[in-house]
Amino acid sequence: MQEEVEHRSVTLIINSAKFSGRVLKTAISKYMAHRRNVRHEKKTQDVTPHGKMSVKQLAEQNQGLNSFEMQKDDGIKQFEHVCRKYGVDYAVRKVKSDNPKYIIFFKGRDQDAITAAFSEFMDKQVKRKNRQPLRRQVAQVMPLMNHPDPNRDRNRNPVHSR
């Protein structure tokens, strides 16, 4: 416990003949600059990218690359959203041809995660293709609304209880 308190305490030594507010202000500003530098150094140490990256960055991680092709109509943006959800590191490369398609690269160790992401993506695509437009749904309900139930009991002067 004592070691934690000693570790977290801040020692600020100020050498001055006259202690003034200006001296305290410069000391605190130098301390804050030092803390910013320490924080910046921690951020720059061995930062490996995650999520979407270039093929070169993905290959530099030396974990083996797997890939598969996807047509543009399949919804590449929705697939990227699902990949971010599952924490998969991936890279997308567009292949220029008459029928544009994309090749999606991912790390070999992410095989299980990419399988789960791809199955969720395909489920969403199937649901999207089977979804009926709103106008068609309303058209199916309209005949039911035009012919009310004749057995329905209507009370024109309802008594409100208070």
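What this report covers is the structure whose coordinates are included nearby. (Residues numbered from 1 in each chain as written. Predicted model: local features only at pLDDT ≥ 70, side-chain atom pairs only at ≥ 80, totals over all residues. Heavy atoms only, no water.)

### Here's the deal with a nonpolar patch on the surface
Then comes step 1: Together, Phe19, Leu24, Ile28, Tyr31 and Met32 make up a nonpolar patch on the protein surface, roughly 450 Å² of accessible area in all.
Then comes step 2: Within the secondary structure, Ile28 is located in helix α2 (residues 21-44). (Patch = residues over 30% accessible without salt bridge, like charges linked within 9 Å, V, L, I, M, F, W, Y side chains within 5 Å. Areas by Shrake-Rupley, 256 points an atom, 1.4 Å probe, with all protein chains shown as cover. Salt bridge = Lys/Arg side-chain N within 4 Å of Asp/Glu carboxyl O. Helix = DSSP H or I, 4+ residues; strand = E, 2+ residues; numbered from the N terminus.)

### Side note on the nonpolar core
Then comes step 1: Residues Phe68, Met70, Phe79, Cys83, Ile104 and Ile114 are the most contacted members of the largest nonpolar core, which totals 14 residues.
Then comes step 2: For this core, the secondary-structure elements that each account for two or more residues are β1 (65-71), α4 (76-86), β3 (101-107) and α5 (111-130).
Then comes step 3: With 4 residues, α4 is the single largest residue contributor to this core.
Then comes step 4: In this structure, Met53, Val55, Leu58 and Ile103 belong to the second largest nonpolar core, which totals 6 residues. (Core = buried A, V, L, I, M, F, W, Y, C linked by side-chain atoms within 4.5 Å. Buried < 20%, exposed > 50% of the residue type's maximum accessible area, 1.4 Å probe, protein only.)

### A word on the packing of α4 against α5
Packed helices, taken two at a time, are described by the angle between their axes plus the distance between the axes.
Then comes step 1: One can describe the packing of α4 onto α5 by two numbers: an axis separation of 9 Å at closest approach and a directional angle of 140°. When the interaxial angle is binned, α4 and α5 end up oblique. Seen along the crossing, α4 lies across α5 with a hand that is right-handed. Facing Gln78, Phe79, His81, Val82, Cys83, Lys85 and Tyr86 of α4, the residues of α5 in contact are Ala113, Ile114, Ala116, Ala117, Phe118, Glu120, Phe121, Lys124 and Arg128. (Axes fitted to C-alpha atoms, helices over the stretch in contact; angles between N-to-C directions. Parallel < 35°, antiparallel > 145°, perpendicular 65-115°, else oblique. Left-handed = near helix turned anticlockwise from the far one by under 90°. Contact = heavy atoms within 4.5 Å.)

### A few points about the side chain of Glu80
Then comes step 1: Among the secondary structure elements, Glu80 is positioned in helix α4.
Then comes step 2: Apart from residues no more than four positions distant in its own chain, Glu80 is found in contact with Lys52, Tyr90 and Val92.

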